[in-house]
Amino acid sequence: MIPISSQQKLTAPPDLRARFAALLWPHLPSALRNEFTQDLGKYFLPFLVGGAVAAGLGMGVAIHVASSLALAQAVIALIGFLLVVMACARARHPLRPDQFEPVEQRYGLGIFLASAGLGSMVLTVAAGDAPFVLEALLVMVALAAMGVGNGSGPGRPLATLLQAISLGLPTALATLLYWPGPWNLACAGGVVVYGMACVVLALRSYAAQSELLVAREEQRNQRLRVNTALQHLNQPIVLLNAQLAIMLINQSARELLGLPADDGRALPGFPELLASAPALATAAADRDEFLGHAALLVAARQQFNGVLRLNDGRTVDLECIPVPDAGWVAMMRDTTGERNAIAELNRELRRCGLTGLPNKRAFREELERRLARGGQLALLLIDLDEFKLVNERHGHGTGDRMLTRVGFRLRTADADLVVARLGGDKFAVLMPGATAETSRALAARLVDAIDTPARFGDAQVSVGAAIGIAIAPADAVLSEPLLRAAEHALQAAKAEPGNQIRLYQPRMSDIAAQAAEHEARVRSTIRDGQIEVAYQPMIDLASGRVVAVEALARMPVEPGNSPQRLTGSNELIAIAETRGLITPLRRLVLRQAAVAVAGLPADIGLWLNVSVNDLAQPDMVDELLAAVAQAGLDHHRLAIEITETALMTDTATSMANLSRLVAMGSGVAMDDFGAGFSSLERLGRLPINAVKISGALLTGASANPVAASIFRAACTLGQSLGVVLVAEGVEQPQELALARAAGVTRAQGYLLSKPVPAGELPAAISAAEAVARRLQTAA
C-alpha cells in the first residue's frame, strides 16, 4: 500500500481525480492503518516459500534460454520478492510508530519490482525461441504471483492495480503475440479478466477489512464510554465473560471487597476473587465451594443469587445475571439490615442450615399455598442412592458438602422450581403448571444433574437418585395425600436399580400397603427366629460328587399365602438390609445350616451368603468360628459368598476379615462374577479363593455365540486368578456342557437340584450326583 497522508479527510472529494485516488488509496485513521500494516507479519511464510519458488523458476528459465535480458529481469523479480519478504518479516514483530510507513513502502516497492521483473521476463522469453513448456510454466508462475499478492490479507488496491499493469499486461501480450492461435486469444483474454478480477477482489477485500477495523475501533470506544460510566456508579458491579473471567470491576466493588485501586495487573477469575478478597477473608477457606458453584452456574446459564459475608459482619447479596452469548453481570448489594430482620423471624424455622434450601416445614406451607390457589402442580420427591456410602468412604463433612452441591444443582435447574430439603438425603421439588410429560422430562434433567460427579479436594463423589412424581389435582388435591402419592411413586422407583423415575399410579398405593405388610412379616419372622433355610447342592464336574451346599434364607409359607410370594430370597435379603436386620438374618441361617451340614459327609462344605454390612463388623470372623464350632462343623468346610459389588468397597475392616478367613483355610467366593464393575487390577488384589460366574452370563449362552464368548471370557479371567471356578444358574444340559468346556470346575443350578429343606438334603445330594454322572456319560 502506498503511504497515505494523515491529512486526508474521511469525506470524498468532489472532483473525479480525488474520487479515483480515494478508490485506490482508501483512507484509514492512523492507528487502524498501522494495525493493517502489522497484519503483514502473518504472510511471511507464504511469501517466503512462494517468492523463493517463483524466483528460482524464473532464474532457471532465464539460464536455460541463455538470455541475459531475461536473467536481469529475473534478478529484478528476485529483488522485489526479497523486499516483500523483508517487509513481512519486520511486521512479525511489534512496530514502532515511525516504522509503519517504511514497511508499507518496502512492501509496495517489492510488489512492483517483482511484478515488473516477472512480467517483462514472460514477454522476453515468449518473444524468443524458448520451448513452449517453459513459456507456459512462466505464465502460470505469473498468474500465481498475481493471485498470492492480492489475497484477502496482504492485498492493497494501488499495489494490485500496478501489479495488474506490470505483470498482467505483459503476460497477456506474450500469450496474444507469441502463442499459436486460436488459443492465444483465449489465453490473453483469460489473463486480462483474471487481472481485472484481482483488482476488484483486492478493492472489495480492502474495503471489508477497513470496515472491520473501523467497527472494531468504534466498539473499543463504546466499551471505553461504558466502562467509564460503570466505574463511577455507586452500585458495585463486576462484568464477566462466559468463563467468569473478570472483564471489568468498578471502584465501588473494589471498595466493598477490600481490593486496591486498579493498578493494571490482571485479576483472577471471579470465583477465586471472591474466595481470596481481603474483605471476605473469613470465607477464603471455602474456595473450592466457590469454584464448584461457579462451574454449575456457567452450565445452568440462569440468574444466580448468592450471599457474601464480609469481615465486619455485613451481609452482601450477590446477583449474577446471564447476558445471552456475552457472559454475566454480577451486582452486589449490602442487605445486612434486611437479613437481620428476616433471620429473627424465619431463617431458623424455615431454612435448612446446611444447604440454605427451604426445610420440610417451609415446603409444606408452600405446597399448601399453591394447592389452595388451584391449577396444575407436580410434586417430585427425590431420594439419593447409596448416599450412606459417601459418608462411610469420605466422611460426613464431604457428605454435607455433597448435599449442598445437590441442593444447588436442583435450585439452578429451573428458575420456576421450588426446591426444599426434607431431611437426610431427601429433597422435594414443586413444578407449577406441569403435566406428566413435562414433569418426567424435568425429573430426567434432575437425575442427570445429580449424577454428575463432584470433586472435593482429592475425593471425587457421585450419587444417583430415584424420583417419584405426583400431580395435582389428578392424584390429590390436598398436601398430605399428594405427598403420600409421591412417596409411593418414589418407593416404586427405588425398587429398581439405577436412576429411576416413576409417576404415581393408583395401584402403587395397594402395592405400598402390601409391601408394608410383607415387611412387617419379615421383621417379625426374623425377630422371632422363624426363618427357614433351603440348601442347593454344588457338584464337582471332575468327580461328579457333591462337594458343597449353599444355604439360602426362606420365609415360612403361611396358610393362605402363595409360596412364590413369600419365600423369595432376594426380596427377603433386600428388606433385611434396608431395615438393618441383615446380621440377625445371617446368624439365623448360619445356626441352622451349620447343624445341617455337620451331619453330612466331611467332604461336603457349607457356602454362606454374607453382606457388606457383615464384612464391616470387626468381630465377624470370630462370630462365624464360634457358630460353626458350636455345631461341630470344621471351619475348613465353611465358605462365605460376597457379591462382586460388595467386594469393591475395599474398606480396611472388610479386607482384614476376608484375608483372615483365607489364611485360616476357609473359603471366600466372589458371587455373581461378571454382573458388577470389577477392574483387573483390583481382582488381582482381592483375598478370594473361589469365583461364582453369574448365572445371567450362562442363561441362553449355549444358543447364542456372542453370549457364549462372553461367558468363556469371564471363565478365562477367573482361571487366571488361580481360584475355584463355579458356574451357577445351570438349567440346561447344553449350559453345563458349555461350562465344562470353558474350564469351570464346579456347577450349581436347577438342572442338578433345586434348593431343598434340610430333611430332603441327603436325597437331593444323591439325585444331583446321579444327574451329574448321567450327563457326564452322555457327554
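Small disclaimer: the values here were computed from a predicted structure and weren't measured.

(A) Molecular detail of the overall build of the protein. Broken down by element type, the protein carries 30 helices and 20 strands. Within the protein, the fraction of its 779 residues that count as buried is 46%. Across the protein, the fraction of contacts at a sequence separation of at least 24, relative to all contacts at a separation of at least 6, is 64%. When the accessible surface of the protein is summed, it comes to about 37400 Å², and 59% of that surface belongs to carbon and sulfur atoms.

(B) Summary view of a nonpolar patch on the surface. Taken together, the side chains of L45, L48, V49, V53 and L57 define a hydrophobic patch exposed on the protein surface, amounting to about 410 Å² of accessible area. Looking at the element boundaries, V53 is found in helix α3 (residues 44-65). Using a relative accessible area of 48% as the deciding quantity, one classes V53 as partly exposed.

(C) Spotlight on the pairing of strand β18 (residues 690-693). Along β18, one buried face is formed by A690 and K692 and the opposite face, lined by V691 and I693, is buried too. Where strand β17 (residues 667-673) meets β18, three bridges bridge the pair, whose relative direction is parallel. Residue pairing across strands places F673 opposite I693, the latter belonging to β18. Bridge analysis of β18 against strand β19 (residues 724-728) gives four bridges, and the strand direction is parallel. If you follow K692 over to β19, its bridge partner there is V726.

(D) Layout of the sheet that holds strand β16 (residues 638-643). Pairing is mixed around the closed barrel formed by eight strands, whose spatial order is β13-β14-β15-β16-β17-β18-β19-β20. On average, adjacent strands in this sheet sit at an angle of 30° to one another, irrespective of strand direction. Along the sheet, helix α28 (residues 705-720) makes contact with β17, β18 and β19, crossing β19 at roughly 155°. Strand contacts of helix α30 (residues 761-778): β13 (532-540) and β14 (545-554), with the helix running at about 25° to β13, the strand carrying the most contacts.

(E) Structural view of α3. In this model α3 runs 31 Å from its N-terminal to its C-terminal C-alpha over 22 residues, within 8% of the 32 Å that 1.5 Å per residue would give. Of the positions making up α3, those classed as buried are F44, F47, G51, A54, A55, G58, V61 and A62. Down the axis of α3, the buried set is contained in an arc of 145°. They therefore lie on one face. Across α3 from its buried face, at more than 90 degrees, point the exposed residues L45, V49, A52, I63 and H64. Downstream of α3 by one or two residues, A66 has phi in the positive range, about 60°.

(F) Focus on the nonpolar core. By size, the foremost hydrophobic cluster in this structure holds 77 residues, and its most contacted members are I531, L585, I640, I693 and F711. When residues in this core are grouped by element, the largest group, eight residues, is from helix α21 (residues 582-598). By size, the runner-up hydrophobic cluster in this structure holds 34 residues, among which are M431, L442, L446 and V463.

(G) Structural detail: the pattern of salt bridges. Scanning the entire structure with this criterion turns up 17 salt bridges. The residue E641 makes a salt bridge to K692 at a minimum N-O spacing of 3.2 Å. Of this pair, E641 sits in strand β16 while K692 sits in strand β18, and the two are 51 residues apart along the sequence. Among the salt bridges present, the one from K692 reaches E728, with a minimum N-O distance of 3.6 Å. Of this pair, K692 sits in strand β18 while E728 sits in strand β19, and the two are 36 residues apart along the sequence. Note on accessibility: K692 and E728 belong to one class, buried. Three or more residues are tied together by salt bridges with common partners; here these are E550, E641, K692 and E728.

(H) Region of the structure containing the sheet that holds strand β8 (residues 426-432). Taking strand neighbours across the sheet as the criterion, the five strands line up as β7-β8-β6-β11-β12 in an open arrangement whose pairing is mixed. Single-partner strands in this sheet number two, and they are β7 (418-423) and β12 (501-503). Pairwise comparison of adjacent strand axes, ignoring direction, gives a mean angle of 20° for this sheet. In this sheet, β12 lies alongside strand β11 (residues 464-472) in parallel orientation, the contact comprising three bridges. Its bridge partner being in β12, G468 is matched across the sheet by R502.

(I) The arrangement of the confidence of the model for the protein in detail. The predicted model of the protein averages 81 in pLDDT, with 87% of residues at 70 or higher. Across the protein, the secondary-structure element scoring lowest on mean pLDDT is helix α19 (residues 563-566), at 42, and the one scoring highest is strand β20 (residues 746-748), at 94. Taken as a whole, residues 1-14 scores under 50 in pLDDT and shows 21 contacts with residues more than four places along the chain or in a different chain. Within the model, the stretch residues 562-567 combines pLDDT values under 50 with eleven contacts to residues more than four positions away or in other chains.

(J) Representation of the packing of helix α7 (residues 157-178) against helix α8 (residues 183-231) within the structure. Interaxial distance between α7 and α8 falls to 8 Å at its minimum, and their mutual angle equals 175°. If you check the angle between α7 and α8, you find them roughly antiparallel. Across the interface between the two elements, P157, T160, L161, A164, G168, T171, A172, T175 and L176 of α7 pack against N184, L185, C187, A188, V191, V192, G195, C198, V199, A202, L203 and Y206 of α8. Classifying every residue of the contact of α7 with α8 gives 15 nonpolar, six polar and no charged.

(K) Seen up close, the side chain of S611. Within the secondary structure layout, S611 lies in the loop between β15 (605-609) and α22 (612-615). Accessibility expressed as a relative area gives 7% for S611, which makes it buried. A distance of 3.3 Å separates a polar atom in the side chain of S611 from the backbone nitrogen of N613. Those residues in contact with S611 that lie beyond four places of it in its chain are E577 and I582.

(L) Layout of helix α15 (residues 396-411). Over its 16 residues, α15 extends 22 Å from the first C-alpha to the last, a length consistent with the 22 Å expected when each residue adds 1.5 Å. Along α15, the residues classified as buried are T398, G399, M402, L403, T404, R405, V406, G407, F408, R409 and L410.

(M) Structural context of the packing of aromatic side chains. Under the criterion given, the structure shown has two aromatic pairs. With a centroid separation of 6.1 Å and an interplanar angle of 65°, the aromatic rings of F47 and Y107 are classed as edge-to-face. Of this pair, F47 sits in helix α3 while Y107 is found in helix α5 (residues 100-127), placing the two residues 60 residues apart along the sequence. This pair shows no difference in class: F47 is buried, exactly as Y107 is.

(N) Fine view of the side chain of S479. By secondary structure assignment, the location of S479 is in helix α17 (residues 479-494). At 3.4 Å, the side chain of S479 forms a polar contact with the side chain of E368. Setting aside its immediate chain neighbours within four residues, S479 contacts R364, L367, E368 and L371.

(O) Broad picture of the environment of V628. Here V628 shows up in helix α23 (residues 620-631). The exposure class assigned to V628 is buried, which follows from its relative accessible area of 1%. Between the alpha carbons of V628 and L606 there is a distance of 10.0 Å; along the sequence they are 22 residues apart. When near neighbours in sequence (up to four residues on either side) are disregarded, V628 contacts L590, A594, L633, H635 and L638.

(P) Spotlight on the pairing of strand β2 (residues 246-249). Pairing of strand β1 (residues 237-240) with β2, which is carried by three bridges, proceeds in the antiparallel orientation. Its bridge partner being in β2, L239 is matched across the sheet by L248. Between the antiparallel neighbours β1 and β2 lie five residues, among them L244 with a positive phi of about 70°.

Basis of the calculations
Residues numbered from 1 in each chain as written. Predicted model: local features only at pLDDT ≥ 70, side-chain atom pairs only at ≥ 80, totals over all residues. Heavy atoms only, no water. Helix = DSSP H or I, 4+ residues; strand = E, 2+ residues; numbered from the N terminus. Buried < 20%, exposed > 50% of the residue type's maximum accessible area, 1.4 Å probe, protein only. Contact = heavy atoms within 4.5 Å. Areas by Shrake-Rupley, 256 points an atom, 1.4 Å probe, with all protein chains shown as cover. Patch = residues over 30% accessible without salt bridge, like charges linked within 9 Å, V, L, I, M, F, W, Y side chains within 5 Å. Salt bridge = Lys/Arg side-chain N within 4 Å of Asp/Glu carboxyl O. Pairing = 2+ DSSP bridges. Axes fitted to C-alpha atoms, helices over the stretch in contact; angles between N-to-C directions. Expected span 1.5 Å × (residues − 1). Arc of directions from axis to C-beta. Core = buried A, V, L, I, M, F, W, Y, C linked by side-chain atoms within 4.5 Å. pLDDT = per-residue confidence, 0-100. Parallel < 35°, antiparallel > 145°, perpendicular 65-115°, else oblique. Nonpolar A, V, L, I, M, F, W, Y, C, P; charged D, E, K, R; others polar. Polar contact = N/O pair within 3.5 Å; in protein donor to acceptor, adjacent residues only side chain to side chain. Phe/Tyr/Trp six-rings, centres within 6.5 Å; stacked < 30°, edge-to-face > 60°.

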